[in-house]
Protein chains: 2
Amino acid sequence: AGHDVIVVVSAMAGETNRLVALAHQAAEDADPGETDVLLATGEQVTVGLLAIVLQARGQRARSFLGFQVPIRTDRAYGRARIEAIEASALLAEVRRGGVPIVAGFQGIDPDGRVTTLGRGGSDTTGVAIAAALKMAGTNVVCEIYTDVEGVYTTDPNIVPSARKLARVSYEEMLEMASLGAKVLQIRSVEFAKKYEVPIHVRSSFSEAEGTLVTKEDPSMEAVAVSGVTYSKDEAKIAIRRVLDRPGIAAKVFGAVAEAGIVVDMIIQNVSEDGTTDLTFTVPKGDLKKAEAIVRKIAPEIGAASVESDDQIAKVSIVGVGMRSHAGVASRMFDVLAREGINILMISTSEIKTSCVIHQKYTELAVRVLHDAFGLSAAPTPSGPVKE
Amino acid sequence: AGHDVIVVVSAMAGETNRLVALAHQAAEDADPGETDVLLATGEQVTVGLLAIVLQARGQRARSFLGFQVPIRTDRAYGRARIEAIEASALLAEVRRGGVPIVAGFQGIDPDGRVTTLGRGGSDTTGVAIAAALKMAGTNVVCEIYTDVEGVYTTDPNIVPSARKLARVSYEEMLEMASLGAKVLQIRSVEFAKKYEVPIHVRSSFSEAEGTLVTKEDPSMEAVAVSGVTYSKDEAKIAIRRVLDRPGIAAKVFGAVAEAGIVVDMIIQNVSEDGTTDLTFTVPKGDLKKAEAIVRKIAPEIGAASVESDDQIAKVSIVGVGMRSHAGVASRMFDVLAREGINILMISTSEIKTSCVIHQKYTELAVRVLHDAFGLSAAPTPSGPVKE
């Protein structure tokens, strides 16, 4: 179509896992910086290969590694953040009629050492390069090619009538991504939002238009809810009848945070006898560690008991329209109640409402909410999610 | 032993071949620069792994890629030559108590693009780093760990009594390497000779002392011949009864060189009737191409016939002692004649004499020469070559 193209590529399927396993074989607690040296080879192979293939088809092309662009990051090996991208070398190659092929996922730190950006980091590389090009005065769109055709109103494996969204706002995408619709690395969306780079999420296997992740516009508020998401990756811990005194929550969550465990939802109910129940969720994989920490603290905070439950799920509705539509949350509670689904925890933000329920009701809850908020429609011609 | 150590590592066994195959799958005539981007990942993986392993054992260590040292090369992708090595970053790491682990085989060109040094290039990286350290005022030895215990007087598979040489001069090593004793990359020896860096070639699998490749010293001249080598990788072409006129040889070898074929030995005999026979050897793999070129030129130079033979072998004796010992070459011819081995071609240099013979006599020739020049001895305790 006459567009200039810059390509960012990931490693081949399975390659990053293979390299992680190699590092782990070498030492259980492998140095993160040296592990990044290993991991960065996955993308180094694919940029070389793609350049070879394009050249063989008569298209001028050349590969760019993190240090060659350069893509400058901080020193947080394994989860580095991009601090600056120099667009000039890429633009020079484009001006020469070439296609720059950039290694995703990798960068260099201030000492010139190799860093990687964490799982899905190539998304972030792509968006960050688009942002750098935009700041350099270029009119740019970032297309992310993935194994699904776009962002859906919910998981089509659960609700076959799920629709592909034509547009979704950065804010909604952030809520959906963090809630389990694993289409884009969250950080890439934050980057896109910050620099207002539109992202077109589309399939590597079809020509169909995907979903445009973009700035919120008035038309998006016409619908109250854009999507229904769920996650089965969390577990909950309840501390019963804690003394209702200042500093108790800080004590509990300070100890949990110190162990590197990320707490998602926290609920505290004030009861009438001067005690309270403190309930929170953690990643399922951290449940045992978190429970042990809490049980150790329990006597100090006068807790009557500690209970845990890993048979839970979090179901959420997301939509910028919630800001202007009243009663969306209560409608959600009502829909769940009608199906006899008990709500264990509730958490709300400006554009989402989440309920923790028993895990066995997950699919039912997603289906009835998707239906109740008018998200179901005739299947799009592009079909359901590919796996 | 209290020494400071800098390590250079190669890729894992088979990895470079795997990467070459990947590039070849992508395009038959893959771009050499992009192929180097691929190939360099082999050493990137091993430096990361070795750093991880050393750290796990409590030894401070860090990896250095070509661009991080930096190891500056020319732009000859796939066979780049090292132009400069900066020793300061490596020495700084040593001063901090760390072991720098350098990726062998790779460098960067003046544009910051990845290059590789060709097969065996890690040897050259090691020697070049040693040379850079020496120039920086360090007292340095370069140890090359390989799958044999050192340099032998000949191939122990043919002559079980072959001895491991304690010392060998750079010049002898160059002749032996280029003649088929594939222990070190030739370029690494050239580098070592230029900067007078001693190389200790030794086994990765034993503590035994190996062979010191070093400056020639008077003691080395005591023996006439240090080693017997052979090669079965060549073929010969004979052009019969060429007109004995100026410019004929230039015409033939100009055309062969233009096709990128490297000619090794050339023999021209003047005959009595104003014609001459021109005989030369080429790598076996280039025989067909070379023969076709010669047959095309044959009528122009009045040749009576063109013959080729790929059932030949080159047997050579090497030794700096030849300079001071008279009659070494004629002794060689005599030894071969006594066994009824016909000599098809002869070529001599200051420290070697080579004879082309029928291939079927190779092992016999190597054995009798090894014996005749007093190289046989009781087997060393370190045993024969490992494969």
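Structural data are supplied above this passage.
Calculation rules
Residues numbered from 1 in each chain as written. Chains lettered and ligands numbered in written order. Predicted model: local features only at pLDDT ≥ 70, side-chain atom pairs only at ≥ 80, totals over all residues. Heavy atoms only, no water. Contact = heavy atoms within 4.5 Å. Buried area = accessible area lost by both parts, 1.4 Å probe. Salt bridge = Lys/Arg side-chain N within 4 Å of Asp/Glu carboxyl O. Polar contact = N/O pair within 3.5 Å; in protein donor to acceptor, adjacent residues only side chain to side chain. Helix = DSSP H or I, 4+ residues; strand = E, 2+ residues; numbered from the N terminus. Nonpolar A, V, L, I, M, F, W, Y, C, P; charged D, E, K, R; others polar. Buried < 20%, exposed > 50% of the residue type's maximum accessible area, 1.4 Å probe, protein only. Pairing = 2+ DSSP bridges. Axes fitted to C-alpha atoms, helices over the stretch in contact; angles between N-to-C directions.

1. Overview of the interface of chain B and chain A
In this assembly, 35 residues from chain B lie in contact with 35 residues from chain A. Across the chain B to chain A interface the summed buried area is about 2600 Å²; carbon plus sulfur atoms make up 68%. When the buried area of chain B at its contact with chain A is split by residue, E34, Q44 and I52 of chain B rank highest and sum to 21% of it. Seen at the junction of chain B and chain A, the total is zero salt bridges. Counting every contact that joins chain B to chain A gives six residue pairs in polar contact (both at pLDDT 80 or more). At the level of secondary structure, the elements contributing two or more residues to the side of chain B that touches chain A comprise α1 (15-26), α2 (32-56) and β2 (61-64) of chain B. When residues of the side of chain B that touches chain A are assigned to their parent elements, the largest contribution, 16 residues, is made by α2 of chain B. By residue class, the composition of the side of chain B that touches chain A is 22 nonpolar, eight polar and five charged.

2. Remarks on the environment of V168 of chain A
All names here are of chain A. Checked against the element boundaries, V168 lands in strand β9 (residues 167-169). Look at V168 and you get buried, because its relative accessible area is 0%. Between the C-alpha atom of V168 and that of M220, which follows or precedes it by 52 residues, the distance is 7.6 Å. When residues no more than four places from it in sequence are discounted, the contact partners of V168 are M173, M176, T211, L212, V213, T214 and M220.

3. So, the sheet that holds strand β1 (residues 7-9) of chain A
All names here are of chain A. Taken in spatial order, the three strands of this open sheet run β1-β5-β2, and their pairing is parallel. Of all the strands in the sheet, just β1 and β2 (61-64) have a single pairing partner and so form its edges. Pairwise comparison of adjacent strand axes, ignoring direction, gives a mean angle of 25 degrees for this sheet. The pairing of β1 with strand β5 (residues 99-103) spans three bridges and is classified as parallel. Each residue of the ladder has a partner; that of V8, found in β5, is V102. Packing of helix α2 (residues 32-56) onto the sheet brings it into contact with β1, β2 and β5, and relative to β5 it is tilted by some 165 degrees.

4. Focus on the pattern of salt bridges
As enumerated under the stated definition, the model contains 40 salt bridges over all chains in all. A salt bridge links D277 of chain A to R240 of chain A, with the nearest nitrogen and oxygen atoms 3.3 Å apart. With D277 of chain A in strand β15 (residues 275-283) and R240 of chain A in strand β13 (residues 234-243), this pair connects stretches of sequence that are 37 residues apart. Under the relative-accessibility criterion, D277 of chain A is labelled partly exposed at 23%. Between E175 of chain B and K352 of chain B there is a salt bridge whose closest N-O contact spans 3.6 Å. Placement of E175 of chain B in helix α5 (residues 170-178) and of K352 of chain B in strand β19 (residues 352-358) is noted, with a sequence separation of 177 residues between them. Using a relative accessible area of 16% as the deciding quantity, one classes E175 of chain B as buried. A single salt-bridge network, built from bridges that share partners, covers R60, E93 and R96 of chain A.

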